[in-house]
Amino acid sequence: MKKEKELIKAAYEAQKYSYSPYSQFQVGAALLGEDGKIYLGCNIENAAYSPTNCAERTAFFKAVSQGCRTFQAIAIVGNQKGMAPDYCPPCGVCRQVMAEFCDPEKFQIILARSLEEYQIFFLKELLPFGFGNDLLCSDKE
Ligand code: THU
């Protein structure tokens, strides 16, 4: 199976766990680490709204907290319950989290609205002229 298809399938698996009682917008993400592992994430909402975590960040935080800090690609699927599927581009905060750990020229963002229909972007296309850790003097450990 092509890498993209495998990741999209995994993102649909993750979407099943979406906790989104407020928006009914269900998002799933599958993040491929340089270690070859796939980290899954779903959106997790909160009654106070702002603590809500997007699916992409759930996947990143799971991976980083398990020791993986370099990544190849992420597949994202999302749609409002009962609505026709469409592409779900990552929010600005998630793009910034991607920029922390991913090479903007190489990291691929796969947006799918079905197993057959998907578009692939490089991070640099979705976050041009972003603020990066190269601007800070601190050492990345
Ligand atoms: N959401 C994501 O999980 N990822 C995105 O990139 C966009 C938005 C979630 C957050 C919230 O639970 C719901 O979608 C509606 O905004």
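Data block above holds the structure.
Computed from a prediction, not measured in an experiment: that's the story for all the values here. (Residues numbered from 1 in each chain as written. Predicted model: local features only at pLDDT ≥ 70, side-chain atom pairs only at ≥ 80, totals over all residues. Heavy atoms only, no water.)

What follows concerns the site of the ligand. Lining the immediate environment of the ligand, one finds Ser 23, Phe 25, Val 27, Asn 43, Glu 45, Thr 52, Cys 54, Ala 55, Glu 56, Pro 89, Pro 90 and Cys 91. Within the backbone of Cys 91, a nitrogen or oxygen atom sits 3.0 Å from an oxygen atom of the ligand. The fraction of the free accessible surface of the ligand (370 Å²) that becomes covered by protein chains is 78%. Where the shell around the ligand is concerned, the elements lending two or more residues are β1 (25-33) and α2 (55-65). Counted by class, the shell around the ligand contains seven nonpolar, three polar and two charged residues. (Near = heavy atom within 4 Å. Polar contact = N/O pair within 3.5 Å; in protein donor to acceptor, adjacent residues only side chain to side chain. Areas by Shrake-Rupley, 256 points an atom, 1.4 Å probe, with all protein chains shown as cover. Helix = DSSP H or I, 4+ residues; strand = E, 2+ residues; numbered from the N terminus. Nonpolar A, V, L, I, M, F, W, Y, C, P; charged D, E, K, R; others polar.)

What follows is about the state of the cysteines. A complete count under the given rule lists zero disulfides for this structure. Distance from the sulfur of Cys 54, which forms no disulfide, to the nearest cysteine sulfur (Cys 94) is 3.8 Å. For Cys 54, a relative accessible area of 21% translates into the label partly exposed. Cysteine Cys 102 shares no disulfide, and the gap to the nearest cysteine sulfur, in Cys 68, comes to 9.4 Å. (Disulfide = S-S within 2.5 Å. Buried < 20%, exposed > 50% of the residue type's maximum accessible area, 1.4 Å probe, protein only.)

This part is about the pairing of strand β3 (residues 71-80). Burial analysis of β3 places eight of its 10 residues in the buried class, which makes it a mostly covered element. Pairing between β1 and β3: nine bridges, direction antiparallel. Residue pairing across strands places Gly 28 opposite Val 77, the latter belonging to β3. Direction of pairing for β3 relative to strand β4 (residues 108-112): parallel, over a ladder of four bridges. Looking at β4, one finds that Ala 73 is bridged to Gln 108. Since β3 and β4 lie parallel, the crossover through helix α3 (residues 92-101) that links them has a hand, and here it is right-handed. (Pairing = 2+ DSSP bridges. Right-handed = clockwise from strand over helix to strand, strands pointing away.)

Turning our eyes to something else, we now look at α2. Buried within α2 we find Ala 55, Glu 56, Arg 57, Thr 58, Ala 59, Phe 60 and Ala 63. Of the surrounding secondary structure, the elements contacted by the buried residues of α2 are β1, β2 (38-42), β3 and α3. In the segment just after α2, Gly 67 is the residue with positive phi, at about 100°. (Contact = heavy atoms within 4.5 Å.)

For the coordinates displayed, the defined rule picks out five salt bridges. A salt bridge links Lys 16 to Glu 13; the nearest nitrogen and oxygen atoms lie 2.8 Å apart. Its relative accessible area of 39% is what places Glu 13 among the partly exposed residues. Between Asp 103 and Lys 106 there is a salt bridge, with the nearest N and O atoms lying 3.9 Å from each other. According to the relative accessible area criterion, Asp 103 is partly exposed, its value standing at 35%. Under the relative-accessibility criterion, Lys 106 is labelled exposed at 62%. Members of the salt-bridge network, linked through shared partners, are Asp 86, Arg 113 and Glu 117. (Salt bridge = Lys/Arg side-chain N within 4 Å of Asp/Glu carboxyl O.)

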